[in-house]
Amino acid sequence: MKKILLEWNLGFLISAVTYTILFYLNAWLTTYLAYGLGVNWIYLPAGLRLFLTLVFGLSGALGIAVTSFLISYLGDFPPELITCIGVGLISGFAPYLARIFVVSNVNISPDLGNLSLPKLAFCILIYAVLSAGLHQWWFLVRGLDETGSFNHFLVMLLGDLLGTVLLIGLIKAGLDLLKSSKMA
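Described below are features of the structure shown in this document. (Residues numbered from 1 in each chain as written. Predicted model: local features only at pLDDT ≥ 70, side-chain atom pairs only at ≥ 80, totals over all residues. Heavy atoms only, no water.)

## Here we look at the pattern of salt bridges
What counts, and what does not: Salt bridges are identified by distance alone: a Lys or Arg side-chain nitrogen within 4 Å of an Asp or Glu carboxyl oxygen. Labels follow the DSSP assignment, with helices taken as runs of H or I lasting at least four residues and strands as runs of E lasting at least two, numbered in each case from the N terminus. The rule is simple: take the accessible area with a 1.4 Å probe, protein chains only, and divide by the maximum for that residue type; under 20% is buried, over 50% is exposed, in between is partly exposed.
Applying the stated criterion across every chain, the model contains 2 salt bridges. Note that glutamate 7 and lysine 3 form a salt bridge whose closest N and O atoms lie 3.9 Å from each other. Of this pair, glutamate 7 and lysine 3 are both found in helix H1 (residues 2-29), 4 residues apart, which corresponds to roughly one turn of the helix. Given the relative accessible area of 46%, glutamate 7 is considered partly exposed.

What follows is the structure in C-alpha cells.
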C-alpha cells in the first residue's frame, strides 16, 4: 500500500512540475505563435499532457489539472475561480479520457506494452479533438472574449496535434540517443 501511494504521489509531482516547466518554456518559445487566449499554433504541453496521462494515469491527470488551474488563475485568464477550475479539469482530464477511450476501444493494454505508431496516432487525434473541443466549449460557456469559435477550435486542434507530434518525436529521439549511447 505504501509503495502504491508513493508511486501515485511521484506521478502527481512529476506531472505537475514537468507540465509547469514546459508550459512556461512553450510560452517563451512560441510568444509570436499565440492565436488567442489559451490558443497557440504550436502547443508542446499538449504532448506532455498525453504522455504523462499515458504513463501515470489518474495521478498524472490530477497533477496536470491542479497545475493548469494555478497557471490559469495566476496568469492570463480572468481570475474567476469557476472558469479556471474548468480549464484545469479539461487540461488534466481530456488526455485521461482519451487514454480510457483508446485503451478500451483500440486493443491497447493498460501498461501500453502493445502501443504501436498507428495506435499512438489515433490516441493523439482523439486527445486533440477532445482537448480543443472541451476547451472551446468551456470558453464559450464562460463568455471569454474572442474564444469558443470554430476558428479557435481549429487552431487549438492544430496546435495540440503539432505540439503533441513534436514532443513525442523529441521524446522518441531522446530515447534513441540514450539507447545508442549505452550501446557504444
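Continuing now.
## Focus on the packing of aromatic side chains
Selection rule: Stacked, tilted and edge-to-face are the three classes applied to pairs of Phe, Tyr and Trp rings, where Trp contributes its six-membered ring and a pair requires centres within 6.5 Å; stacked means planes under 30 degrees apart, edge-to-face means over 60, and tilted covers the rest.
With the rule as written, the count across this model stands at 10 aromatic pairs. Seen in terms of ring centroids, tyrosine 35 and tryptophan 41 are 5.7 Å apart; in terms of plane orientation they differ by 85°. Their pairing is edge-to-face. Seen in terms of ring centroids, phenylalanine 93 and tyrosine 96 are 6.0 Å apart; in terms of plane orientation they differ by 90°. Their pairing is edge-to-face. With phenylalanine 93 and tyrosine 96 both in helix H4 (residues 81-105), this residue pair falls 3 residues apart, about one helical turn. Classification of tyrosine 96 as buried rests on a relative accessible area of 19%. Each residue in the set Tyr19, Phe23 and Tyr24 is aromatic and connected to the rest through ring pairs, giving one cluster.

## Digging into the packing of H1 against helix H3 (residues 58-74)
Basically, it comes down to this: Helix axes are fitted to C-alpha atoms over the stretch in contact, other axes to C-alpha atoms as well, and angles between N-to-C directions run from 0 to 180 degrees. Working rule for angles: under 35 degrees goes down as roughly parallel, over 145 as roughly antiparallel, 65 to 115 as roughly perpendicular, anything else as oblique. Helix crossings are classified by the rotation of the near helix relative to the far one: an anticlockwise turn of less than a right angle makes the crossing left-handed, while a clockwise turn makes it right-handed. Between two residues, a contact is recorded if the distance between any of their heavy atoms is within 4.5 Å. Note on residue categories: nonpolar means Ala, Val, Leu, Ile, Met, Phe, Trp, Tyr, Cys or Pro, charged means Asp, Glu, Lys or Arg, and polar means any other residue, Gly included.
As a packed pair, H1 and H3 sit with axes 7 Å apart at the nearest point and diverge in direction by 40°. Considering the angle they form, H1 stands oblique to H3. The hand of the H1/H3 crossing is right-handed. Mapping the contact onto sequence places Trp8, Gly11, Phe12, Ser15, Ala16, Tyr19, Thr20, Phe23 and Tyr24 in H1 and Ser59, Gly60, Leu62, Gly63, Ile64, Val66, Thr67, Ser68 and Ile71 in H3. Considering only residue class, the contact of H1 with H3 consists of 10 nonpolar, 8 polar and no charged.

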